[in-house]
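So you can see what is in the structure, the chains are spelled out below.
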Amino acid sequence: MHCECGEPIEPGQKFCIACGRKTTVASSGPDENTSLLQNAVDGTVAVADDSSAAPDDSASTSTDDTIVPDDSLIPPHEAKGKRWRKVVIAIVVILALVLAGFAGFALWGMNGGTRQAEGKDTVRYSDSKASMVRKKTVIVLYDKDGKPLEQYELKVMDADGDVTTHSVKDGQFTPAEVGMKPNKQYEVVVKEPSGSVYSLPKTDVRPDDETSNDIHDDKLDVKPSDNNDSGDHADGSSTCAKQKMYLAFYDVISSLQSKYGEGRVATASGDDDGYLQGLSIVLLVDADGDGEDDELITVHDNEIDKSVKESGWGWIGNPKNWTVQTWKYDAKSGKASNAYRGEPQSSNGGFVFLDLVTDNDGSIAFWDNMKQMSEDDFKYMDYYRIFPVGDQYPMPSGSEKRTLSSGEESLVKSQKTVVAIKQGMMAGCDTVSDASNDSNRKNGKAVKSAFLDKINELQKRYGAGKVVSSGMDSGHGYMTGLCDVRLIDFDQDGTDELVVVYSDRVKEEAKGYDPASWRVEIWRYDQTRSILNRVYSAQPAAEEPNHDLISLTYASGGERMPQILGRDTPSYDNEPPTEIVSLEDGMHQKEYRSQRLKESDGSYTFKYYIDDTEVDSSVYLLQVSSLTRADPNGDNSENAYKRDVLAWNDTSLGFKNDVFGNDVLKQMQNTINELKAKS
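Basis of the calculations
- Residues numbered from 1 in each chain as written.
- Predicted model: local features only at pLDDT ≥ 70, side-chain atom pairs only at ≥ 80, totals over all residues.
- Heavy atoms only, no water.
- Helix = DSSP H or I, 4+ residues; strand = E, 2+ residues; numbered from the N terminus.
- Buried < 20%, exposed > 50% of the residue type's maximum accessible area, 1.4 Å probe, protein only.
- Areas by Shrake-Rupley, 256 points an atom, 1.4 Å probe, with all protein chains shown as cover.
- Pairing = 2+ DSSP bridges.
- Axes fitted to C-alpha atoms, helices over the stretch in contact; angles between N-to-C directions.
- Contact = heavy atoms within 4.5 Å.
- Parallel < 35°, antiparallel > 145°, perpendicular 65-115°, else oblique.
- Left-handed = near helix turned anticlockwise from the far one by under 90°.
- Phe/Tyr/Trp six-rings, centres within 6.5 Å; stacked < 30°, edge-to-face > 60°.
- Lys NZ or Arg CZ within 6 Å of the ring centre and 35° of its normal.
- Salt bridge = Lys/Arg side-chain N within 4 Å of Asp/Glu carboxyl O.
- Core = buried A, V, L, I, M, F, W, Y, C linked by side-chain atoms within 4.5 Å.
- Polar contact = N/O pair within 3.5 Å; in protein donor to acceptor, adjacent residues only side chain to side chain.
- pLDDT = per-residue confidence, 0-100.
- Lys, Arg positive; Asp, Glu negative; His and termini not counted.

## Let's talk about the overall build of the protein
Consideration 1: Each helix and strand in the protein was counted, giving eight helices and 36 strands.
Consideration 2: Burial analysis of the protein (679 residues in total) assigns 45% to the buried set.
Consideration 3: Accessible surface computed for the protein: about 34,900 Å², of which carbon and sulfur atoms make up 49%.

This is the structure we're talking about:
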């Protein structure tokens, strides 16, 4: 008898030992040898069920003794070897997954967690870490499609801001070929003929004898980023229009400087009056009023020093000696084109200047001398002196709406513009050079930095402040150089104004000092245009009648609105007229003037004016009496005037609020230190 699977079945055997099926032919009696059966499925020992010996009606026997199985009684069948193979396979799969995870984590860590590991000598345009190279390391650049750049223009800027331009025609360069030197870092920007711009990571050139695994000795490949997490710079090619505009504007500046030289103050032969020479004025302006600087203004001389044959104001003060140009950036060509060419403005007195006006809609234009214009017609007015230049021609004070810049100040502002353009063309979209985006401008870093720049400028021009003993006698002394600096919030808007006093040519008179030897200025930071405006300029206050005490006299708080006192013209015998100048309400420069007139009979009469309005002598004297005393309250209250004494003798001091000599210099240095700490 056989099982359905073909395995022979012995008499009395209840299960097939091959497939496990139960047999339906029972033996006549129990077999002691089969009382215990080994289950082939799970290897457990089963006790024979005696009831299985009874006939099973659900099964039948065929004529050829083949057992017909009862499917309901078939236990699940799986070979013992196959089950173990599944377990082993599962274990192997788990181990493989674990090993793959460890390998992936290691690769992620080696590559900074952002890309697959690649060659040691490959960096990305978007990398913030400087690339360390040798002088002879071959540098190859790649475009956004991963192909090497063949021809391009390369600009290199060192830490001092000096820029050199190089043309690459064979698809590679070495640091030595573009003027890079060991132990220095450089910024590099590249422009393709197609107009694509690439900003490289900083290049750090290392000495040949330095050893480090981080140095790219023989070759460096610079490629686009292979992910999209770097914004506009995902492919290394800057899509920032401003960067391309700065590149185009710098090309204009570089070309003009090569032809005319950098801006400077020069003097004509036989004349002490200075004028601006070379590329002297460079300005970025918002020509269309959309809030973005989009136009370049340049002013250069027409080689005055080479063609001069005579001196004198009539000749030098000719506006034809200078050229004013405006430049517009064309995004399609990637170049700047000359949009305007003309002459600067001039006055009947021989002064030559650049005068810009900003309409109420924000657009900028040149002042038109032929039209009836006033400050009320414009939002801002900016004046830049070109000729004459020199300390003998001090600039008058400006106003809230009008900024006046001397020739030297015009040079400083122009240099700052050139620096901003260089930084913008190197850094691309990630750098915001527009100071109007600085959220901490007010009472913040921008204001303090602007004040420090002005202080440094004045110290270079007039020297550091110092106390000088007068030659008259031991009881006299005076201060020279940049000798006084204070911060006072005159208009009480929460932002301090900068007060400075300077002198470089103190004159001693028979009885005292000439107040015209010093100049007092107040500078206010313009939040909108991110520049300093001079809102006050006058001589310091002087004690009458001998001018034996010169002082910066001011009120800084209390009931009295912060103000400052000064003198606009020297007063000798009241001719020319005496003027006492006061900055009131934080904005208005108020003048008190008295004039002595000689009558035909030899007698004298007096006239009194407040802001050019003639007033009665009692009104004039009442107001002036409170202005000319440094301490009207006789105490140290906040409402009292205070004096920083600039020149003195041994009988003129004694007010409680007086500071003089080295104490003035100490408080000035404290103010400068405070500005440095906050900037």
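## Considerations on the sheet that holds strand β16 (residues 295–301)
Consideration 1: The strand order across the open sheet built from four strands is β15-β16-β17-β18, with neighbouring strands paired in antiparallel fashion. Unpaired on one side and paired on the other, β15 (279–285) and β18 (335–342) mark the two borders of the sheet. For this sheet the average axis-to-axis angle between neighbouring strands, irrespective of direction, equals 25 degrees.
Consideration 2: Of the pairings in the sheet, the one linking strand β17 (residues 322–330) to β18 comprises seven bridges and is antiparallel in character. Across the sheet, the residue bridging to Thr326 is Tyr340, located in β18.
Consideration 3: On the sheet, helix α2 (residues 241–260) packs against β15, β16, β17 and β18 and is oriented at approximately 155 degrees with respect to β17.
Consideration 4: Set on the sheet, helix α5 (residues 407–427) makes contact with β15 and β16; between it and β15 the angle comes to about 60 degrees.

## Considering the packing of α5 against helix α6 (residues 445–462)
Consideration 1: Here α5 crosses α6 at 130 degrees, and the two axes come no closer than 12 Å. The angle between α5 and α6 places the two elements in the oblique class. α6 is crossed by α5, and the crossing has right-handed handedness. Judged by residue contacts, Glu408, Glu409, Val412 and Lys416 of α5 engage Asp453, Lys454, Glu457 and Arg461 from α6.

## Let's talk about the packing of aromatic side chains
Consideration 1: Applying the stated criterion across every chain, the model contains five aromatic pairs.
Consideration 2: When the ring of Tyr340 is compared with that of Phe366, the centres are 5.2 Å apart and the planes differ by 35 degrees; the resulting orientation is tilted. Linking Tyr340 in strand β18 with Phe366 in strand β21 (residues 364–366), this pair joins segments that are 26 residues apart in sequence.
Consideration 3: Judged by its relative accessible area of 34%, Tyr340 is partly exposed.
Consideration 4: A cation over an aromatic ring shows up here: Lys223 above the ring of Tyr142, its NZ or CZ 4.9 Å from the ring centre.
Consideration 5: The ring of Trp523 has Lys454 sitting right over it, with the charged end atom 3.9 Å from the ring centre.

## Focus: the pattern of salt bridges
Consideration 1: On inspection of all chains with the given rule, the structure shows 18 salt bridges.
Consideration 2: Lys328 is paired through a salt bridge with Glu295; the nearest N and O atoms lie 3.4 Å apart. Here Lys328 is found in strand β17, whereas its partner Glu295 is found in strand β16, with 33 residues between them in sequence.
Consideration 3: The shortest N-O distance in the salt bridge between Lys454 and Glu409 comes to 3.5 Å. Taken together, the residues span a long stretch of sequence, with Lys454 in helix α6 and Glu409 in helix α5 at a distance of 45 residues. Note on accessibility: Lys454 and Glu409 belong to one class, buried.
Consideration 4: A single salt-bridge network, built from bridges that share partners, covers Glu409, Lys454, Glu457, Arg461, Glu521 and Arg534.

## Some thoughts on the sheet that holds strand β12 (residues 219–223)
Sheet strands pair by backbone hydrogen bonding; their relative direction is either parallel or antiparallel.
Consideration 1: Strand order across the open sheet formed by three strands is β3-β12-β5, with parallel pairing between neighbours. With partners counted over all chains shown, the strands left at the sheet margins are β3 (122–124) and β5 (138–141), one partner each. Across the sheet, the axes of successive neighbouring strands diverge by a mean angle of 25 degrees, strand direction being ignored.

## Some points on the environment of Gly274
Consideration 1: Mapped onto the elements, Gly274 comes out in strand β14 (residues 274–277).
Consideration 2: Residues Gly274 and Ile316 lie 42 residues apart in sequence; the distance between their C-alpha atoms is 9.6 Å.
Consideration 3: With near-sequence residues (within four places) excluded, Gly274 lies in contact with Val265, Ala266, Thr267, Phe387, Pro388 and Val389.

## So, the nonpolar core
The nonpolar side chains of a soluble globular protein tend to be buried, and buried together.
Consideration 1: With 46 residues, the main nonpolar core has Leu482, Leu498, Val499, Trp518 and Ile564 as its most contacted residues.
Consideration 2: Elements with a minimum of two residues in this core: α6, β25 (477–488), β26 (497–503), β27 (519–526), β28 (531–542), β29 (550–555), β35 (642–648) and α8 (662–678).
Consideration 3: The element that contributes the greatest number of residues to this core is α6, accounting for eight residues.
Consideration 4: Leu247, Leu279, Leu296 and Ile421 belong to the second-largest nonpolar core, a separate cluster that totals 25 residues.

## Digging into the environment of Arg341
Consideration 1: Tracing the backbone shows Arg341 in strand β18.
Consideration 2: Owing to a relative accessible area of 54%, Arg341 belongs among the exposed residues under this scheme.
Consideration 3: Sequence separation of Arg341 and Val299 is 42 residues, and the distance between their C-alpha atoms is 9.8 Å.
Consideration 4: Sequence-distant contacts of Arg341, that is, excluding residues within four places in its chain, are made with Thr323, Val324 and Gln325.

## As for the pairing of β27
Consideration 1: Extensive coverage of β27 is indicated by the burial of eight of its eight residues.
Consideration 2: Where burial is concerned, the two faces of β27 agree: the one with Arg519, Glu521, Trp523 and Tyr525 and the one with Val520, Ile522, Arg524 and Asp526 are both buried.
Consideration 3: Bridge count for β26 against β27 is five bridges, and the pairing is antiparallel. Within the sheet, the bridge partner assigned to Val501 lies in β27 and is Val520.
Consideration 4: Bridge count for β27 against β28 is seven bridges, and the pairing is antiparallel. When the sheet's bridge partners are listed, Tyr525 is paired in β28 with Leu532.

## A closer look at the environment of Glu343
Consideration 1: With respect to the helices and strands, Glu343 occurs in the loop between β18 and β19 (345–346).
Consideration 2: Accessibility expressed as a relative area gives 39% for Glu343, which makes it partly exposed.
Consideration 3: For the pair formed by Glu343 and Pro319, sequence separation is 24 residues and the distance between their alpha carbons is 5.9 Å.
Consideration 4: Among residues more than four places away in sequence, those in contact with Glu343 are Pro319, Lys320, Trp322 and Val324.
Consideration 5: Only 3.2 Å separates the side chain of Glu343 from the side chain of Lys320, close enough to count as a polar contact.

## What about the confidence of the model for the protein?
Consideration 1: Considering every residue of the protein, the mean pLDDT works out to 74; 65% of them sit at 70 or more.
Consideration 2: A low-confidence stretch, residues 25–80 (pLDDT under 50), is modelled with 58 contacts involving residues beyond four sequence positions or located in other chains.

## Remarks on the side chain of Arg385
Consideration 1: By the secondary structure assignment, Arg385 is in strand β22 (residues 380–387).
Consideration 2: In this structure Arg385 is buried but unpaired, with Glu408 as the nearest side chain of opposite charge at 7.8 Å.
Consideration 3: There is a polar contact of 3.0 Å between the side chain of Arg385 and the side chain of Tyr383.
Consideration 4: A polar contact is formed between the side chain of Arg385 and the backbone oxygen of Pro388, at a distance of 3.1 Å.
Consideration 5: If near-sequence neighbours (up to four positions away) are discounted, Arg385 is found in contact with Leu276, Phe351, Val352, Phe353, Tyr393, Met395, Ser405, Ser406, Gly407 and Ser410.

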